[in-house]
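Examination of the molecular architecture
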Amino acid sequence: MEWRAFGKQNEIMKGFLVALTLADQREEEAVTSDVTKTGERRSSGSSGLPGITNFQEAGTWMTSEARQEALPLASNIFKDLEITYTNFNRRKMTVTANNNHPFIVMKRRDKLLVADTGFEKIILDSLSQTLNFTYEMVMPADGKWGGPVGNGTVVGMIGVVHRREAHFAICEITITGAREGVIDFTYPYYIESLTLVSRTPRERSKTLAAVAPFTSVVWLSIAISVVVTGFIIKAQDWLDTQHGTEKCQRLKTGDSVFGSYRSLMRQDNLIDLKSWSHKVTFLFWSIFSFLISVLYSGMLTAALVIPAFEKPINGLTDIPVAVKDGFTLVVTEDSSNEHIFKYATGGIYKDTWKLFNHVEKSKSFIKKADDSFGGILDNKLVLINGQLSSRYLAMERGIRRYYFARDSFAPQYYGMACFQGAPFTSTFNRLLSYMIEGGLITKWIDGEFQKVAGSNVFWEETGPKPFSISQLQAAFYILSIGMVTAAMAFIAETLLPRNLLSKK
């Protein structure tokens, strides 16, 4: 005895056939009633036969009336989707994406939008060839990555897939809990973290290079030491005068102070050292002046030869200081990168969210990282973006011009976004696993970087370099200040006595 249908046991099968018989009788009555109204007879099945419902054989099992027991199925009743979707039979799939180096880049050919480059384009082509389907590309109208934004609205590429305007999306789409509530994700095919991208710290101005070797406290201490030493020399000379010794010189206070200054500048001493008190004082003052002079010369040379740069931005903890210095935080609008900070309930992410420009939102929230990457060099911008795309964009423009923070954060898992319940998701998962385990995706990524590697290499000279005018500008500034001061003193010496005489 053989039964062919969807049941698993003989008793269930008999009940199922009875239900089908009753259903056919009711349909026959409905069709008869319909015929009396329209004069026509329509079939409820696809075969064209009236009153007969067609079924497709799904499985077969055998049973024995003697043993009265069910035997195992000879074949599966329900079709395996992974087997069914191993061949799409040239079905055309609709894929949504944004232009995003080095993931996927699209161009228009004969008025059609097609995938042109990017390692995700290679993933698409591999799936297409293996599963025997074709695909067309569409871009979301708002150009966003998107996701649920409240009131049941889903924007961006996620919204296109959610509304089933596309079968799936692929374009550096981060797997998040909010997005998984409206679409299904495949296995992640790439994992990375976010980074901070800013311009390479610029070299500090050498305008004050002449005073850079010492701190302000040290300079003040040296100045006080010069004046105090001058007064000590004057006091020693005064004491010699009081004791009537012949060794006294009757020094003026200005001469004694200027004498200690000359010694500090390693100039000849004009004070005649006759007394032992003067000799001992100048002995230790000369040692002090020698040490100061040697240390100053060494530090000045280092300050001129070794460049000093601005403080780099190495993590989120450096952002508050950077914002005070005029930097602007930039992130892709309505992306998972923005949501990390926007929906944070506390901690450093919440504090960082407050530092975005919420008054002029167009300055902090952009559609794509490409939109602001060039502006990083000309403006004080700090871009929060994935490491892979950031390094690719930097290599296109000269990677040495950009600075990447040492600390990364917020790991990102990228997957393909399919509409909920998509029957081909498991098949995509299997093939993506093969690509990942075989190292193909890493190979394809390296291929994209090799296309731009070496195109923007900036060579720098090595070895000692001669001093430039920018390095020695402090010396010229001091000389200019001295000349102006001397000119003012000359004018004062020339004019003031005449004015006084004219008053008499």
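Look up a bit, the structure's there.
Bear in mind the structure is a predicted one, so any value in this text is a computation, not a measurement.

So, on to the overall build of the chain. Across its full length, the chain carries 18 helices and 18 strands. Expressed as a percentage of its 504 residues, the buried residues of the chain come to 38%. The contacts in the chain between residues at least 6 apart in sequence include a share of 70% that link residues at least 24 apart. Of the roughly 29,700 Å² of accessible surface on the chain, a fraction of 58% belongs to carbon and sulfur atoms.

So, about the pattern of salt bridges. One pass over the structure, following the stated rule, counts ten salt bridges. The shortest N-O distance in the salt bridge between Asp 116 and Lys 107 comes to 3.7 Å. Residue classification places Asp 116 among the buried residues on the basis of a relative accessible area of 18%. Lys 144 serves as the salt-bridge partner of Asp 334, at 2.7 Å between the closest nitrogen and oxygen.

With that out of the way, let us pick up the packing of helix α3 (residues 119-131) against helix α16 (residues 425-437). Helix-helix packing is characterised by the crossing angle of the two axes and by the distance between the axes. The N-to-C vectors of α3 and α16 enclose an angle of 120°; their axes lie 11 Å apart at closest approach. By the angle between their axes, α3 is oblique relative to α16. Along this stretch, α3 crosses α16, giving a crossing that reads as right-handed. Contacts from Ile 123, Ser 126, Leu 127, Thr 130 and Leu 131 of α3 reach α16 at Thr 427, Phe 428, Leu 431, Leu 432 and Met 435. Classifying every residue of the contact of α3 with α16 by side-chain character gives seven nonpolar, three polar and no charged.

Judged by pairing direction, the sheet is mixed, and its five strands sit side by side in the order β7-β4-β10-β18-β11 without closing on themselves. Here the strands that pair on one side only, and so sit at the sheet edges, are β7 (133-138) and β11 (183-185). Along the sheet, α3 makes contact with β4 (91-96), β7 and β10 (168-169), crossing β7 at roughly 150°.

Here six bridges tie β4 to β7, and the two strands are oriented parallel to one another. Paired with Thr 96 across the bridge in β7 is Val 138. As paired elements, β4 and β10 share two bridges and run parallel to each other. What sits directly across from Thr 96, in β10, is Ala 169.

How each quantity is defined
Residues numbered from 1 in each chain as written. Predicted model: local features only at pLDDT ≥ 70, side-chain atom pairs only at ≥ 80, totals over all residues. Heavy atoms only, no water. Helix = DSSP H or I, 4+ residues; strand = E, 2+ residues; numbered from the N terminus. Buried < 20%, exposed > 50% of the residue type's maximum accessible area, 1.4 Å probe, protein only. Contact = heavy atoms within 4.5 Å. Areas by Shrake-Rupley, 256 points an atom, 1.4 Å probe, with all protein chains shown as cover. Salt bridge = Lys/Arg side-chain N within 4 Å of Asp/Glu carboxyl O. Axes fitted to C-alpha atoms, helices over the stretch in contact; angles between N-to-C directions. Parallel < 35°, antiparallel > 145°, perpendicular 65-115°, else oblique. Left-handed = near helix turned anticlockwise from the far one by under 90°. Nonpolar A, V, L, I, M, F, W, Y, C, P; charged D, E, K, R; others polar. Pairing = 2+ DSSP bridges.

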